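# Understanding the architecture of this molecule
This is what each chain is made of:
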Amino acid sequence: MPEVVIADTSCFISLSRIEGLELLRLVYGSVTTTSMVASEFGRTLPEWVTIADPDDELRIRALSLHVDRGEASAIALALETPGCTIILDDRKGRMVAAALGLLVTGTLGVLVKAKLQGHIPSIKPWLENLRLAGFRSSP
């Protein structure tokens, strides 16, 4: 069975800005997100994105003390989904998820995986397009 991949809003926004949302499907087949993340994204998500919400609202509220509500819902869902990978770009969100033992990647990790799987010939133009679209990353 393929791994479950849970995406936060930043990945959807960043990839859609550079016409790269389809890379998520190519790399992972399907992606899961929460209704809160879908609402934050503000556009219709492709049919290969599954919406699922975590059961523990108290956990979401506790996580919301440290990260935004969309990230909190995605992290809470990941905690309820053993063996999943969560896509987060915000440094604080990544730190919280990692501290909770979650496997974390980001939009740049999606690009690396797309390159390794042969879906894109080079990462460099994608990185440049992300930069031009306002995506920030540390060296």
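Refer to the structure presented above.
To start, this report covers the structure provided alongside it. Per chain, the residues get numbers from 1 upward, laid out in the order the sequence is written. Only residues with pLDDT of at least 70 get local features here, since the model is predicted, and only at 80 or more are side-chain atom pairs given and counted; chain-wide, interface and lining totals rely on the full set of residues. Side-chain measures here rest on the full set of heavy atoms in the structure, leaving out hydrogens and waters.

### Quick look at the overall build of the protein
Looking only at helices and strands, one finds eight helices and five strands in the protein. Secondary structure counts use DSSP, requiring at least four H or I residues in a row for a helix and at least two E residues in a row for a strand, with both numbered from the N terminus. The order of α-helices and β-strands along the protein, N terminus first, is β-α-α-β-α-β-α-α-β-α-β-α-α. In terms of overall dimensions, the protein is globule-like: its C-alpha atoms have a radius of gyration of 14 Å, near the 14 Å expected for 139 residues. The buried share among the 139 residues of the protein stands at 44%. Long-range pairs, those at least 24 residues apart, make up 53% of the contacts in the protein with a sequence separation of at least 6. Put simply, the radius of gyration uses C-alpha atoms, and a globule should come to 2.2 Å times the residue count raised to 0.38. For every residue, the accessible area (1.4 Å probe, protein chains only) is compared with the maximum for its type, and the residue is labelled buried under 20%, exposed over 50%, or partly exposed between those bounds. Every residue pair with non-hydrogen atoms within 4.5 Å of one another is taken to be in contact.

### Considering the packing of helix α7 (residues 107–116) against helix α8 (residues 124–132)
Axis definition: a line fitted to C-alpha atoms, over the contacting stretch in the case of helices. Angles run 0 to 180 degrees between N-to-C directions. The N-to-C vectors of α7 and α8 enclose an angle of 160 degrees; their axes lie 10 Å apart at closest approach. In this view, α7 runs roughly antiparallel relative to α8, as classed from their interaxial angle. When you trace α7 past α8, the crossing you get is right-handed. Facing α7, whose interface residues are Thr107, Leu108 and Leu111, α8 presents Trp126, Leu127 and Leu130. Note that the term roughly parallel is reserved for angles under 35 degrees, roughly antiparallel for angles over 145, roughly perpendicular for angles of 65 to 115, and oblique for everything else. Handedness of a crossing is defined here by the sense of rotation of the near helix relative to the far one, left-handed for an anticlockwise turn of less than a right angle and right-handed for a clockwise turn.

### Some thoughts on unusual backbone geometry
With a phi angle near 55 degrees, glutamate 19 is a residue other than glycine that sits in the positive phi range. You can see glutamate 19 is positioned in the loop between α1 (9–17) and α2 (22–28).

### As for the packing of aromatic side chains
Any two of the Phe, Tyr and Trp rings considered here, Trp counted by its six-membered ring, make a pair once their centres fall within 6.5 Å; the pair's planes then place it as stacked at under 30 degrees, edge-to-face at over 60, or tilted in between. In this structure the tally under the stated criterion is one aromatic pair. Relative to phenylalanine 41, the ring of phenylalanine 12 lies with its centre 5.7 Å away and its plane at 50 degrees, an arrangement referred to as tilted. One end of the pair, phenylalanine 12, is in helix α1; the other, phenylalanine 41, is in helix α3 (residues 35–41), with 29 residues separating them in the sequence. Using a relative accessible area of 0% as the deciding quantity, one classes phenylalanine 12 as buried.

### Details of the side chain of threonine 105
Structurally, threonine 105 is set in strand β5 (residues 103–105). Those residues in contact with threonine 105, other than ones at most four positions away along the chain, are Tyr28, Thr85, Ile86, Ile87, Leu88, Arg94 and Val110.

### Some words on the nonpolar core
Counting 42 residues, the largest nonpolar core has Phe12, Leu15, Leu24, Tyr28, Ile75, Ile86 and Ile87 as the members making the most contacts within it. At six residues, the largest contribution of residues to this core is made by helix α5 (residues 69–79). Leave out the neighbours within four places in its chain, and isoleucine 75 touches Leu63, Val67, Ile86, Leu88, Gly93, Val96, Ala97, Leu100 and Leu102. Side-chain atoms within 4.5 Å link the members of a nonpolar core, which is a set of buried Ala, Val, Leu, Ile, Met, Phe, Trp, Tyr and Cys residues.

### Looking at the side chain of serine 16
Position of serine 16 among the secondary structure elements: in helix α1. Accessibility expressed as a relative area gives 11% for serine 16, which makes it buried. Any pair of nitrogen or oxygen atoms within 3.5 Å is treated as a polar contact; in protein, a donor-acceptor pairing is required on top of that, and neighbouring residues in sequence qualify only through side-chain atoms on both sides. Separated by 3.5 Å, the side chains of serine 16 and arginine 43 make a polar contact. Serine 16 has contacts with Leu21, Phe41 and Arg43, leaving out every residue within four places of it along the chain.

### Comments concerning helix α6 (residues 91–99)
Residues of α6 that are buried include every one of Gly93, Val96 and Ala97, and no others. Projected onto a plane normal to the axis of α6, the buried residues spread over an arc of 95 degrees and lie on a single side. In α6, the exposed positions angled more than 90 degrees off the buried face are occupied by Arg91, Met95 and Ala99. If you follow the buried residues of α6, they end up packed against α4 (57–63), α5, β4 (85–87) and β5. With a side-chain oxygen lying 3.2 Å from the backbone nitrogen of lysine 92, the N-terminal cap of α6 falls on aspartate 90. One or two residues past the end of α6 sits glycine 101, with phi positive at roughly 85 degrees. Of all possible arcs, the one meant is that of the directions from the helix axis to the C-beta atoms.

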